[in-house]
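Report on the structure
These are the residues of each chain, in order.
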Amino acid sequence: MIRRQFFTALALLATVFLAACMSPPTGLDLSQKRSTARNLYLVEVQSLADQIAINKMHAWEAKVKLATGEPVRGASITVGGGMPQHGHGYPTQPRVTKELGDGRYLIEGMKFSMSGWWELKLKIDSSAGVDDVTFNTVIAPGP
Amino acid sequence: MHFGIRHILTMAMAATVSIAGAASAFPWGGADGWSKQEMEVLSSLRLSQLAPAPEDRSNRYEGLPAAVELGKRIFFDKRFSSNGEVSCASCHDPKQQFQDGRELGRGVGTGARRTMPVVGLAHSPFLFWDGRKDSAWSQALGPLEDPAEHGGNRVAYARVLQANYQKEYEAVFGPMPGLARLPRDAGPLGDDRQRAAWKELDEPTRQAVSRVFANMGKAIAAYEKTLHYGASRMDRYLDGIVSRDASAYNVLSQQEKNGLRVFIGKGQCVTCHSGPLLSDQHFHNTGIPQRNPAKPDTGRRAAIAKVTRDEFNCMGPFSDAGKEDCDELRFIAQEDHSLDAAFKTPSLRNVALRAPYMHAGQKQTLADVVDHYRKAPASRVGHSELKRIELSEQEARDLVAFLGTLSGPILERGQANGQ
């Protein structure tokens, strides 16, 4: 809980003072639990790093459920995204490297090369169908 | 786990100000006219915040003093070139910030890009302007076999090593292979004759020679890793405001402070020139004019295939790393079209001391560079990430003045004084 609060605070903080650089849009939805575009899945993501440091590669976890709450196993998940305000993607190509059970998937190769607004896009393909979801993250400046 | 927690965001949104204040490292406010939000950014630029360069597991010799010493001697030794007149230091001149001040590097011929300063390179996951190498040791090998740079070949280099550094080499890397029966010149990247001679060699011999060559790179990298930047005036000022030491507030002039404000504010420079090295270590298309429009340089785009196929990369046979240590290569971005004609964000440390600028020396002065970012011209290849930045003439001059505060000494670890 503390970690999540810290991350949230960090993200909000970034939103505030990035006004000096290239501001993320106001009212950006930073929730880490979202329904996919066609409501096929409910997806929750979180960083597994204690603290996200710029330019440090780390892993995330995605938890995928059906709308009924049943965990989705054996899904094929494509990872994409980047910085919409800069028109570039991640400095790396993150991807799902392992299924952890109970609808949980390990995303390795995540790296944020600069502060600001980043999108994390997941395309989920399972027997329930194909659907996608976009999460927003705001990365604070740091060494 | 944290998955069960809901509504925290909504609550946090409602309490943005108080949370931001509580999480800030500067809850008491800013100093010398900076807001606490600006202080967060400024603090992150200080050299004192630079973490040690990560260990390069693909080079297990990098920490050995004997490797550093050997690498330093090789770095300055002109015998490692086809004409006996070019060493690493010819272009990476310690008297000139480990670069050469030329638009294009000049070894035995003229290169296609600007010489990069080697200082602090161990902080970069990918080397060269296009990142076609994934370690310092692999990078060091590139120019040695480039026909425009050292112009030599790996069999010839192994011979020079054996003739002049056998004892020092073997103290670090173990016995050298016998070279007596080998042709004088042979290598996979040489001229027709050298490539033919290389093909004639059996595979174990080629491997043995290539390993000597790789070890040469590892020694050079060990030396290069000792080179680092010392504190600049900017660092002294920023350390001063962070520690509330008012005596340091006048380390920068008002004009330089104005330029710093542009740098972290409306100039948006800090977006890419971030952290203590003032670089995100990534690749961006910023619409810098092609030096030769008839033969466009696609930068990072073309380099991805090179680094993933390089026999001297992290996963190759000459690397000391396990595959699990090669995350940069495992997760290399390949499909991002923003990498077309993208080049690496250089560190801005000591930038005022090393004109000209950009990957092929296209800009002669820092004023020219700032002017480019103000105008943000479209890129002839791919798409520039830049958007026009509205700066007044005075703000542009202030920004250039600020860039002059980033100059500091270059230090060699293990030596008391910088050069």
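Residues numbered from 1 in each chain as written. Chains lettered and ligands numbered in written order. Predicted model: local features only at pLDDT ≥ 70, side-chain atom pairs only at ≥ 80, totals over all residues. Heavy atoms only, no water.

1. Thoughts on the sheet that holds strand β5 (residues 88–89) of chain A
Quick note on the threshold: Here, any two strands with at least 2 DSSP bridges between them count as paired. Helix and strand definitions follow DSSP, with helices as H or I runs of at least four residues and strands as E runs of at least two, each counted in order from the N terminus.
Read from one edge of the open sheet, four strands run β5-β4-β8-β9 (chain A), paired in antiparallel fashion. Of all the strands in the sheet, the pair left with one neighbour each is β5 and β9 (129–139) of chain A.

2. A closer look at helix α8 (residues 192–200) of chain B
Residue and element names in this part refer to chain B. Threshold: Between buried and exposed lies partly exposed: a residue is buried under 20% and exposed over 50% of the maximum accessible area for its type, with that area taken using a 1.4 Å probe on protein chains only. It is the directions from the helix axis to the C-beta atoms whose arc is reported. Residue contacts are counted whenever heavy atoms from the two residues lie within 4.5 Å of one another.
Listed as buried for α8 are Q194, A197 and W198. Buried residues of α8 fall within an arc of 105 degrees about the axis and therefore sit on the same side. More than 90 degrees from the buried face of α8, the exposed residues found are D192, R193, K199 and E200. Buried-residue contacts for α8 involve α7 (154–173) and α9 (203–224).

3. Regarding the packing of aromatic side chains
All names here are of chain A. Heads up, the condition is: We call Phe, Tyr and Trp rings a pair once their centres come within 6.5 Å, taking the six-membered ring for Trp, and we label the pair stacked below 30 degrees between planes, edge-to-face above 60, and tilted otherwise.
Throughout the structure, instances matching the rule amount to 17 aromatic pairs over all chains. A ring pair is formed by Y90 and F112, whose centres lie 5.7 Å apart and whose planes are at 55 degrees; its orientation type is tilted. With Y90 in the loop between β5 and β6 (95–101) and F112 in the loop between β7 (104–110) and β8 (116–126), this pair connects stretches of sequence that are 22 residues apart. Using a relative accessible area of 4% as the deciding quantity, one classes Y90 as buried. Classification of F112 by relative accessible area gives buried; the value is 1%.

4. Some thoughts on the state of the cysteines
Residue and element names in this part refer to chain B. Our working rule: Two cysteine sulfur atoms form a disulfide, by the criterion used here, when they sit within 2.5 Å.
Considering all chains together, one arrives at one disulfide over all chains under this definition. One disulfide bridge connects C314 with C326, the sulfur atoms lying 2.0 Å from each other. Taking the torsion about the S-S bond as the criterion, the C314 to C326 disulfide, at about -75 degrees, is left-handed. With a gap of 12 residues between them, C314 in the loop between α12 (300–309) and α13 (327–330) and C326 in the loop between α12 and α13 connect regions that are remote in the sequence. A single burial state applies to C314 and to C326, both of which are buried. C91 provides the cysteine sulfur closest to C88, a residue in no disulfide bond, and the two sulfurs are 9.2 Å apart. When its relative accessible area of 10% is taken as the criterion, C88 is described as buried.

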